[in-house]
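# What the coordinates show
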Amino acid sequence: MLQVQVLRNNPELVKAKLAIKHFKQPELVDEIVALDDERKRIQTEYDTIQSKVNAASKEIGKLMGQGKKEEAELMKAEVASYKSQVTLLNEQMIASEAVLHDKLIVLPNLPADIVPIGKTPEENLNVKQSGTIPVLHEGALPHWDLIKKYDLVDFETGAKITGSGFPLYKGKGAKFQRVLAQYFLDFNTAAGYTEYLPPFMVNKDSAYGTGQLPDKDGQMYHATEDDFYLIPTAEVPVTNIFRDVILKEEELPVKMTAYSPCFRREAGSFGKEVRGLNRVHQFEKVEIIQLVEPEKSYEVLDQMVAHVEALLQSLELPYRILRLCGGDMSFTSALTYDFEVFSAAQERWLEVSSVSNFEGFQTNRMKCRYKDSTNKTKPVHSLNGSSLALPRIYASLIENNQYDGGIKLPKVLQSYFGSENLI
RNA sequence: GGAGAGGUGGAUGAGUGGCUGAAAUCAACGGUUUGCUAAACCGUCGUACGAGUAACAUUGUACCAAGGGUUCGAAUCCCUUCCUCUCCGCCA
């Protein structure tokens, strides 16, 4: 959620930035400022009258104490005359706050200055490409055939148990998944991230806190009886640890990593793009999250990008890094880098990580702040990234490392898995 | 799921209708003292939204789990929800 102050200070700049995100209702900016003026006006009025009521009430208390009953009764009558006004103003205040909030929450985060202009994924800026694209042997298979051939993942039975997009990992296929998660977590904790294992369902407040609601309502699985949402990413529970928290300066930066399954309805997805492990309703992911001082957030974003890059390098995968254009960025992000690895058998790039700086967008809504050395309360910035999403890494590792009689493992995973080859 | 007891500021904890935005203690911070540390002493020490200011100062309102209600007045009384603890039930 943006701060009204930002809109107030420079409405034209805000509108220009919203346009980069292809936001369709620039008029909301002026509306919100006007609503905020109105809100202030009502509050001032309310406070004034309420102040009179409070003073009179105290006076009544004193008079009662002194036994001056009649005078007290007179004052009671006076206070009663304010009552309808107070009630009315209070209702107006609550209503105007609600309207303001509802409008404000519709505005996406403002993009950073270096965000490329553009609408579609093709307009993302390729900032780096590295690693060698392997040349596969004759008859190399895409991962959806490899997993069948070696009996690693059983989609049909997963569909029988639950529905399509709920893979059933099996044998070495299941172990490989576990090993990847463990390796990623170890890699992250070695870089100073504290490991968390969060709840996999969250309440409404948490879903709002990180911006999934109201923007992505319908993308999350919703357990209606208890009004809980299955998490679409560990970002939601983990970032919400710090909802309504005022941190001390020395506690920053907060660096967290968490493994979790992720549940996404992915309504509307179909076709070749979503074959096999490319897009599923339940997948596993290891996430990294940081809370930092605002002045440092872009420096930290670069560090996080470098961290994910090092992880991909250790897996010996060919990758590229994209700076997302305004149209391809998420609602909450100010700047996002996507990592894609090349899947040699599918001959296409697969997104495996997304690293973003949310600036104060999430933390403002969550009321997470910190106290600096002079004891002033200041905003914090939040960032997160996948490190890494498992299924597509899984897919590209088995595709890129396949040979005629099996599947090799990259060096870093061999000791984790206990052998040189997966198959 | 049943029965009971609770939820107060960073922590402990007082507070059953007005003198309580909240005692006291501890922690934290600033200072005095001190060769250093410690101790002692003095002071500061919640948040949000307003008014005000160049900025401070100052000042109003709201907040004692959350939401509603009673009252001139609510941390305190009533209702609902959530959470914690104890016992029972169920159960990995």
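These remarks concern the structure in this document.

Definitions and limits used
- Residues numbered from 1 in each chain as written.
- Chains lettered and ligands numbered in written order.
- Predicted model: local features only at pLDDT ≥ 70, side-chain atom pairs only at ≥ 80, totals over all residues.
- Heavy atoms only, no water.
- Axes fitted to C-alpha atoms, helices over the stretch in contact; angles between N-to-C directions.
- Helix = DSSP H or I, 4+ residues; strand = E, 2+ residues; numbered from the N terminus.
- Parallel < 35°, antiparallel > 145°, perpendicular 65-115°, else oblique.
- Left-handed = near helix turned anticlockwise from the far one by under 90°.
- Contact = heavy atoms within 4.5 Å.
- Nonpolar A, V, L, I, M, F, W, Y, C, P; charged D, E, K, R; others polar.
- Near = heavy atom within 4 Å.
- Polar contact = N/O pair within 3.5 Å; in protein donor to acceptor, adjacent residues only side chain to side chain.
- Core = buried A, V, L, I, M, F, W, Y, C linked by side-chain atoms within 4.5 Å.
- Buried < 20%, exposed > 50% of the residue type's maximum accessible area, 1.4 Å probe, protein only.
- 1 Å grid on protein atoms, 1.4 Å probe; cavity = no way out; pocket = protein on both sides within 12 Å on 5 of 7 lines; lining within 4 Å.
- Points joined across faces, edges and corners; volume = space filled by probe spheres on them.
- Domains from an automatic or database assignment.
- Pairing = 2+ DSSP bridges.
- Salt bridge = Lys/Arg side-chain N within 4 Å of Asp/Glu carboxyl O.

Glancing now at the packing of helix 7 (residues 172–190) against helix 10 (residues 297–314). Contact geometry for helix 7 and helix 10: axes closest at 11 Å, N-to-C directions at 135°. The pairing of helix 7 with helix 10 is recorded here as oblique in orientation. In terms of crossing hand, the pair formed by helix 7 and helix 10 is right-handed. Facing helix 7, whose interface residues are Tyr183, Phe184, Phe187 and Asn188, helix 10 presents His307, Ala310, Leu311 and Ser314. Its residues assigned to classes, the contact of helix 7 with helix 10 shows five nonpolar, three polar and no charged.

Time to look at the protein's contact with RNA strand B. Neighbouring residues of RNA strand B: 19 residues in total, closest Arg39, Gln43, Asp47, Ser57 and Lys371. By atom count, sugar and phosphate contribute 66% of the portion of RNA strand B lying within 4 Å of the protein. Taking Lys371, its side chain carries an N or O atom lying 2.6 Å from a phosphate oxygen of RNA strand B. For the surface near RNA strand B, the elements supplying multiple residues, two or more each, are helix 3 (27–65), helix 4 (69–104) and strand 14 (369–371). Per-element tally for the surface near RNA strand B: the top contributor is helix 3, with 13 residues.

Phe176, Phe184, Ile393 and Tyr394 are the most contacted members of the largest nonpolar core, which totals 56 residues. In this structure, Phe184 is in contact with Val286, Leu311, Leu315, Ser387, Leu388, Leu390 and Ile393, ignoring residues within four places of it in sequence. Among the nonpolar cores identified, the runner-up in size contains 17 residues, and Leu18, Ile32, Leu104 and Phe361 belong to it.

Turning to the layout of surface pockets, a few remarks are in order. One number sums up the size of the second largest pocket: a volume of about 460 Å³. If you trace the second largest pocket, you find 25 residues lining it, with Gln3, Val6, Gly360, Phe361 and Asn364 closest to the centre. Here the lining of the second largest pocket is composed, by residue class, of 14 nonpolar, seven polar and four charged. Here the lining of the second largest pocket gathers at least three residues from each of two domains, domain 1 (4–104) and domain 2 (121–417).

This next bit is on the sheet that holds strand 14. What the three strands build is an open sheet, ordered 8-14-15; its pairing is mixed. Looking at strand neighbours, the two that pair on one side only are strand 8 (246–248) and strand 15 (377–379), the edges of this open sheet. Strand after strand, the sheet turns through a mean of 40° between neighbouring axes, direction not considered.

As a further point, take the sheet that holds strand 5 (residues 201–202). Ordered in space as 5-7-6, the three strands form an open sheet in which the pairing is antiparallel. The two strands at the open ends of the sheet, each matched to only one other strand, are strand 5 and strand 6 (222–223).

Successive residues of a regular strand alternate their side chains across the two faces of the sheet. Strand 9 (residues 254–263) sits mainly inside the fold: eight of its ten residues count as buried. Relative to strand 9, strand 4 (residues 194–196) is paired through three bridges, and the arrangement is parallel. Across the sheet, residue Tyr196 finds its bridge partner in strand 9, namely Ala258. When strand 9 meets strand 10 (residues 282–292), the two strands line up antiparallel, connected through ten bridges. Residue Pro261 lies in a different strand from strand 10, and its bridge partner there is Glu284.

This part takes up the pattern of salt bridges. Pairing is possible between side chains of opposite charge, provided their charged atoms come close. Enumeration according to the criterion identifies 18 salt bridges in this entry. Across the pair Lys170 and Asp151 runs a salt bridge whose closest N-O atoms are separated by 2.8 Å. Of this pair, Lys170 sits in the loop between strand 3 (168–169) and helix 7 while Asp151 sits in the loop between helix 5 (143–149) and strand 2 (153–154), placing them 19 residues apart in sequence. Residue Lys170 is classed as partly exposed on the basis of its relative accessible area, which comes to 41%. Residues participating in the shared-partner salt-bridge network are Arg8, Asp36, Asp37 and Arg39.

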